[in-house]
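# Fold and geometry: a report
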Amino acid sequence: MEDIDNNNNDNNNEEEEVNALSLSDMLDLKEDDIPEEEIVKMIKIAQTKNEIKKDKNTEDLISKNIYCIECLDHPMVYYCENCEDNFCQICFEAQHRKGNRAKHTVKIIGEVVLRNSNNDNDNDNDDGTDEELENDEDFMKDDEEPDDYMLNFRERAKYIPVRLTLQERKHLRLVESMLSCSEYTTKIDSVIPSMSSNNSVNKAGSGLSAKRMYQQLQHICALFSGLAIAVDYKIGQQILKNRDYHVNEQFFKEILELGRRHKIMNPEKMRSEYGTLMYILQDACSNQNIELLKFSASKPIFTAFQKLKEGKAQNMLDDPLMEIATRAIMEDGKKSRYDIRMEVQKKEKAVKYLSKRYSTRKISPDDIKHCLYSIGDNNSFLVFNRDPIDKMIELLTSFFSPKKYEEKYSLSIFGGQDGSRLTHSHERQYHYCLQSLTLWREISNDMFRLWYLADQDLVDNKQDYRLKDTGQGCHRIQQSPRVAQAMREILHRVQKKVGQGSEWVGSSVVHLGDDNVPNALMFIDKYTQVPRILNPIVLTIKNLPGLLKNKGIKKYVDQAFGGPEELKKLILWDFFRHAFDGSGADNFFDAGSCIDGRLTSAWNWCSQLDTKPYYPIFKLSGFTGFDGSFN
């Protein structure tokens with residue numbers, strides 16, 4: 001501790017020398033006149049402070065000896081006498097799942113800590129219940145039985161963003177316009193010729209870093225000034241004159257949070273602008289830029305749980321009617337128009353009842369409706385992103401069996417043949433596909449939580465990034481501990497679920513913060529593509545009976561493929577073999593059977609779809625591409 005205190009004193013002395021260079025001084029400089037030594041010293045001081053803070057936090061957690069040695073996040077549950085370390089349940093089972101570690105001697109020293117959901121609710125509107133609705137038997141009962149995850153609204157609401165209001169949407173258009181014309185990443189993250197031998201750009205310690213920091217400040221301040229002027233011209237003029245951005249700290253935090261919140265609720269929107277927004281925030285929240293700007297531009301995503309908690313109405317999330325009030329009503333071909341109309345009426349009644357029952361002096365019925373509609377948006381997201389994976393699992397289990405198979409429809413693959421990098425028997429490949437699809441389903445099911453954690457990881461100034469040419473351009477390599485821990489939990493849950501009766505096939509390695517998946521932004525981008533890959537296959541098979549009503553198409557299918565059932569089998573057989581064969585990367589380690597490599601193989605199959613004999617059927621079904629629109 002004495003060394004840390006001495007370091008702090010030394011840092012304070014150095015900081016006094018460097019502080020002579022203010023934000024105004026930095027912005028007034030010309031690029032040729034950058035005082036590289038002073039800026040490098042400033043960067044080193046900020047990084048040293050950050051490292052001391054991280055080391056101190058880690059030492060505190062270990063010294064208390066109550067947290068897992070692996071993740072430093074969950075309470076200890078097991079003590080391994082061979083490893084001489086404490087582990088939480090998830091990390092222990094992941095580390096001791098097989099091999100010699102499975103034989104280690106273990107003591108149970110704790111218990112799994114359950115989340116406490118018994119929060120007090122301060123309802124000021126005790127007489128707000130609607131007796132007519134409460135006594136409506138048809139309204140209160142429901143025939144459908146949703147899964148446990150869908151009913152855990154208290155936990156889900158912590159990661160579900162609140163819908164944007166009309167005024168917020170006006171500001172959102174401003175943010176989108178700003179980002180669409182910004183060349184921030186092009187200028188700041190361009191590949192720099194003078195890279196070190198390992199193709200990476202150092203975080204600090206060179207004139208290159210000083211120049212880059214200067215460019216960051218120039219662009220960030222220009223963007224902030226533009227936002228301020230567009231909203232209020234007088235305030236914008238004052239900011240340009242005084243450069244006191246911290247005076248309007250709350251405005252910048254809120255307006256930038258709108259773009260992040262909107263993107264999570266609408267993954268198909270802001271496909272180009274969102275990356276720019278997150279990288280601007282990432283740089284604005286770095287330690288050295290925070291000291292110059294005098295504030296952090298990041299603000300946590302505003303969630304439905306947070307809004308309800310502020311109004312002391314969070315107990316509504318435990319109400320049985322939440323499932324009806326937030327249900328996504330879809331036309332699936334089996335429901336009549338009357339059934340759909342009745343579902344809509346039942347949903348409207350539930351929304352009206354809950355908004356009146358749980359409104360208080362701090363939160364109005366309209367605000368509660370706003371939260372209910374936000375949670376309903378999450379259910380709609382799951383319908384369009386998780387349900388295609390459920391359909392593919394259903395197709396796999398209905399058209400194929402792990403024990404029996406037709407000779408020409410065997411799922412077995414051999415390394416070195418047809419681009420495959422894996423060798424699996426039919427049964428092993430069947431379980432490999434089933435396990436991969438189940439993992440994708442759980443990731444999609446938990447996507448809002450993963451996105452919320454990814455947002456925190458990206459703007460965390462304790463996690464420095466470095467620029468590196470990964471072979472696919474210059475990327476920001478950054479560790480993402482929150483997302484990594486959540487992925488370990490999901491993987492552990494899937495392995496327990498599908499591991500019964502069969503072993504886990506393939507590697508359990510999750511690439512995050514390396515050349516394959518550089519940061520949490522790339523992780524989210526990869527897994528939001530899963531429904532884009534699976535939806536065209538599901539829709540083609542679903543639309544096939546309608547296509548066959550055309551005599552010409554029916555004749556073509558019968559002559560070329562031997563009938564519609566044979567065509568379905570051919571499409572699925574080809575997909576389950578070649579979309580899960582470990583291909584699609586420059587070497588085995590970048591693809592293979594790891595968690596990330598499974599998705600890489602699927603993308604490789606997508607790129608070869610136009611060479612398949614059944615490609616005309618996809619085009620006849622309305623297929624235009626896997627990547628969607630960027631507009």
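Residues numbered from 1 in each chain as written. Predicted model: local features only at pLDDT ≥ 70, side-chain atom pairs only at ≥ 80, totals over all residues. Heavy atoms only, no water.

Right, let's get into the overall build of the chain. Secondary structure summary: the chain contains 29 helices and six strands in total. In the chain, which comprises 631 residues, the share counted as buried stands at 48%. Accessible surface, the chain: about 31300 Å² in total, of which carbon and sulfur atoms supply 46%. (Helix = DSSP H or I, 4+ residues; strand = E, 2+ residues; numbered from the N terminus. Buried < 20%, exposed > 50% of the residue type's maximum accessible area, 1.4 Å probe, protein only. Areas by Shrake-Rupley, 256 points an atom, 1.4 Å probe, with all protein chains shown as cover.)

What follows is about the pairing of strand 5 (residues 465-469). For a regular strand, the rule is simple: side chains alternate between the two faces of the sheet. Across five bridges, the pairing between strand 5 and strand 6 (residues 474-478) is antiparallel. Bridged to L467 within strand 6 is R476. Hairpin connection between strand 5 and strand 6: a loop of four residues separates the two successive antiparallel strands, and G471 in this loop has a positive phi of roughly 100°. (Pairing = 2+ DSSP bridges.)

Attention now goes to helix 14 (residues 273-284). Its 12 residues place the ends of helix 14 17 Å apart at the C-alpha level, agreeing with the 16 Å of an ideal helix rising 1.5 Å per residue. Taking burial as the measure, the 12 residues of helix 14 include 12 buried ones, the bulk of the element. (Expected span 1.5 Å × (residues − 1).)

Right, let's get into the environment of K554. Along the chain, K554 falls in helix 26 (residues 551-561). For K554 and L544, which are 10 residues apart along the polypeptide, the C-alpha to C-alpha distance reads 9.7 Å.

The next subject is the pairing of strand 6. Counting buried positions along strand 6 yields five of five residues, so the element is predominantly enclosed. Covered by surrounding structure in strand 6 are C474, R476 and Q478 together with H475 and I477, the residues of both alternating faces.

Along the chain, the position of K211 falls in helix 11 (residues 207-231). On the basis of relative accessibility, which here comes to 37%, the residue K211 falls in the partly exposed class. Remark: the alpha-carbon pair of K211 and I188, spanning 23 residues in sequence, is separated by 9.8 Å.

The next point concerns the packing of helix 20 (residues 387-399) against helix 21 (residues 426-445). Packing of helix 20 against helix 21 brings their axes to within 9 Å, and their N-to-C directions diverge by 165°. What the angle tells us is that helix 20 and helix 21 run roughly antiparallel. The hand of the helix 20/helix 21 crossing is left-handed. On the side of helix 20, the interface is formed by I389, D390, M392, I393, L396 and T397, while helix 21 contributes Y430, C433, L434, L437, T438, W440, R441 and S444. Among the residues forming the contact of helix 20 with helix 21, the class breakdown is nine nonpolar, three polar and two charged. (Axes fitted to C-alpha atoms, helices over the stretch in contact; angles between N-to-C directions. Parallel < 35°, antiparallel > 145°, perpendicular 65-115°, else oblique. Left-handed = near helix turned anticlockwise from the far one by under 90°. Contact = heavy atoms within 4.5 Å. Nonpolar A, V, L, I, M, F, W, Y, C, P; charged D, E, K, R; others polar.)

This paragraph deals with the sheet that holds strand 2 (residues 85-87). Taking strand neighbours across the sheet as the criterion, the three strands line up as 2-1-3 in an open arrangement whose pairing is antiparallel. Both edges of this open sheet fall to strand 2 and strand 3 (106-108), since each of them pairs with a single strand only. With strand direction ignored, the average angle separating the axes of adjacent strands in the sheet is 25°. Inspection of the sheet shows strand 1 (residues 78-80) paired to strand 2 by three bridges, in the antiparallel sense. Its bridge partner lying in strand 2, C80 is registered against D85.

Further remarks concern the nonpolar core. If you look at the biggest cluster of nonpolar residues, it comprises 137 residues, and the most contacted ones within it are M392, L437, W440, F575 and F576. Excluding residues within four positions of it along the chain, M392 makes contact with L437, L534, I537, V538, L572, F575 and F576. Residues Y78, F87, C88 and C91 belong to the second largest nonpolar core, which totals nine residues. (Core = buried A, V, L, I, M, F, W, Y, C linked by side-chain atoms within 4.5 Å.)

What the rule picks out here adds up to 23 aromatic pairs. Taken together, a centroid distance of 6.4 Å and an interplanar angle of 85° make the contact between Y432 and F580 edge-to-face. Taken together, the residues Y432 in helix 21 and F580 in the loop between helix 27 (564-578) and helix 28 (595-607) connect sequence positions 148 residues apart. Each member of the pair Y432 and F580 is classed as buried. (Phe/Tyr/Trp six-rings, centres within 6.5 Å; stacked < 30°, edge-to-face > 60°.)

Now for helix 13 (residues 249-265). Taking 1.5 Å as the rise per residue, helix 13 with 17 residues should run 24 Å; its terminal C-alpha atoms sit 25 Å apart, in good agreement. For helix 13, the tally of buried residues reaches 13 of 17 residues, placing the bulk of the element in the interior.

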